[in-house]
Amino acid sequence: MEILHANKLSKSYGNKWNKQEVLKKIDLRIYEGEFVSIMGASGSGKTTLLNVLSTIDRASGGSILANGMELTGMKEKHLAEFRKKELGFIFQEYNLLDSLTVKENIILPLTVQKVSKKEASSRFETIAKQLGIEELANKYPNELSGGQKQRTSAARAFIHEPSIIFADEPTGALDSKAASSLLEKLSQLNEQRKATIMMVTHDPAAASYGSSVVFIKDGEIFTRLTKGGQSKKAFFKDIMQTQAVLGGVHDE
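Residues numbered from 1 in each chain as written. Predicted model: local features only at pLDDT ≥ 70, side-chain atom pairs only at ≥ 80, totals over all residues. Heavy atoms only, no water.

Student: Just to check I follow, could you spell out the environment of Lys117 for this structure?
Tutor: Residue placement: Lys117 occurs in helix 4 (residues 117-130). For the pair Lys117 and Ile107, spaced 10 residues apart in sequence, the C-alpha to C-alpha distance is 9.3 Å. (Helix = DSSP H or I, 4+ residues; strand = E, 2+ residues; numbered from the N terminus.)

Student: Just checking my understanding: could you explain helix 6 (residues 176-192) for this structure?
Tutor: For the α-helix, the turn length of 3.6 residues means that residues three or four positions removed from each other point alike. When the terminal C-alpha atoms of helix 6 are compared, their 24 Å separation across 17 residues agrees well with the 24 Å that a helix rising 1.5 Å per residue should span. Among the residues of helix 6, Ala178, Ala179, Leu182, Leu183, Leu186, Ser187, Leu189 and Asn190 are the ones counted as buried. Tucked inside the fold, the buried residues of helix 6 contact strand 3 (35-40), strand 6 (87-90), helix 4, helix 5 (146-158), strand 8 (197-200) and helix 7 (204-207). Measuring from the side-chain oxygen of the N-cap residue of helix 6 to the backbone nitrogen of Lys177 gives 3.2 Å; that N-cap residue is Asp175. Residue Lys194 follows helix 6 closely and has a positive phi angle near 55°. (Expected span 1.5 Å × (residues − 1). Buried < 20%, exposed > 50% of the residue type's maximum accessible area, 1.4 Å probe, protein only. Contact = heavy atoms within 4.5 Å. Polar contact = N/O pair within 3.5 Å; in protein donor to acceptor, adjacent residues only side chain to side chain.)

Student: Just to check I follow, could you spell out the packing of aromatic side chains for this structure?
Tutor: With the rule as written, the count across this model stands at 2 aromatic pairs. Summarising the aromatic geometry, the rings of Phe89 and Phe166 are spaced 6.1 Å apart at their centres and angled 25° between planes, so their arrangement reads as stacked. Of this pair, Phe89 sits in strand 6 while Phe166 is found in strand 7 (residues 164-168), placing the two residues 77 residues apart along the sequence. Each member of the pair, Phe89 as well as Phe166, carries the same accessibility label: buried. Grouping aromatic residues by their ring pairs yields a cluster made of Phe89, Phe91 and Phe166. (Phe/Tyr/Trp six-rings, centres within 6.5 Å; stacked < 30°, edge-to-face > 60°.)

Student: Would you mind showing me how to read the sheet that holds strand 5 (residues 69-70) here?
Tutor: Backbone-to-backbone hydrogen bonds join strands into a sheet, with any given pair of strands oriented parallel or antiparallel. The 4 strands are arranged 2-1-4-5 in an open sheet whose pairing can be described as antiparallel. In the strand order of this sheet, the two ends are held by strand 2 (18-31) and strand 5, each with one partner. Of the pairings in the sheet, the one linking strand 4 (residues 61-66) to strand 5 comprises 2 bridges and is antiparallel in character. Residue Ala66 lies in a different strand from strand 5, and its bridge partner there is Met69. Helix 1 (residues 46-53) rests against strand 1 (2-15), strand 2 and strand 4 of the sheet, and its axis sits at about 115° to strand 1. (Pairing = 2+ DSSP bridges. Axes fitted to C-alpha atoms, helices over the stretch in contact; angles between N-to-C directions.)

Student: Sorry if this is basic, but what is going on with the pattern of salt bridges here?
Tutor: Charged atoms that come close allow side chains of opposite charge to pair. This structure, assessed with the given rule, holds 8 salt bridges. Across the pair Glu34 and Arg224 runs a salt bridge, and its minimum N-O distance is 3.3 Å. Here Arg224 lies in strand 10 (residues 220-226) and Glu34 lies in the loop between strand 2 and strand 3, a separation of 190 residues in the sequence. Judged by relative accessible area, Glu34 falls into the buried class, the value being 17%. We classify Arg224 as partly exposed; its relative accessible area is 30%. A single salt-bridge network, built from bridges that share partners, covers Arg58, Glu76 and Arg83. (Salt bridge = Lys/Arg side-chain N within 4 Å of Asp/Glu carboxyl O.)

Student: How should I be thinking about the nonpolar core in this particular structure?
Tutor: Soluble globular proteins tend to pack their nonpolar side chains together in the buried interior. Ile106, Ile127, Phe158 and Leu186 are the most contacted members of the largest nonpolar core, which has 36 residues in total. Elements with a minimum of two residues in this core: helix 3 (102-112), helix 4, helix 5, strand 7, helix 6 and strand 8. Among the elements that make up this core, the one with the highest residue count is helix 6 (6 residues). Those residues in contact with Ile106 that sit more than four places away from it in its chain are Phe124, Ile127, Ile133, Thr152, Ala155, Arg156 and Ile159. Leu9, Leu50, Ile64 and Phe166 belong to the second largest nonpolar core, which has 28 residues in total. (Core = buried A, V, L, I, M, F, W, Y, C linked by side-chain atoms within 4.5 Å.)

Student: Is there a simple way to think about the environment of Asn15 in this case?
Tutor: Within the secondary structure, Asn15 sits in strand 1. Judged by relative accessible area, Asn15 falls into the partly exposed class, the value being 39%. Placed 40 residues apart in sequence, Asn15 and Thr55 show a C-alpha to C-alpha distance of 21 Å. There is a polar contact of 2.9 Å between the side chain of Asn15 and the backbone nitrogen of Asn18.

Keep in mind these values describe shape, not function.
This is the structure in structure tokens:
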């Protein structure tokens, strides 16, 4: 089932005398259960694409269909409701509330939706176990390592079972061991929950955990690679080769 469809999506900044076109008529389809990575050089438009698709930013043109709903013309009040129910977010800097425990941070989306305490606790136990953080329930963010904070952030993104989860450089602030652990968990949740994930990354090793990679160049889709039946190692090699053709996608 198609979860998200961007049609002729464009985004520009400035005015008619000094306009910077960041996204140029992007056409992109994401299907249920896909784990899609977005790669591109600094300034290519990959983060802008994520922000526009996730309704953090408004498109300048084109349309976005998400779970059958047209988002580009939706009023802010309805967009906020849509985000609350249908979207999950994992940010590079965690965005955890320091005054709340791990459990309180994770169940926050359910509290906003007025889910019962019993149901919220049940869902917390399930997702915390899947991410290996159940023993951290009563700790506060300042007592956690970077990897533990990001797994907490991931649990918060998954707990309300959104249609799609957007992850913006989720391993950017982590060491290699914590990054690999997080990506393994995301890959497992993608398979176990049939969760749809869209992740911006500059790291080909991170991208190889997904099912496909979309390469962005100068605001346009350069190509899309699909993992298919390949091993992660073989897919990584394909990503590296495409990266070389593209001219490198390393951020500044």
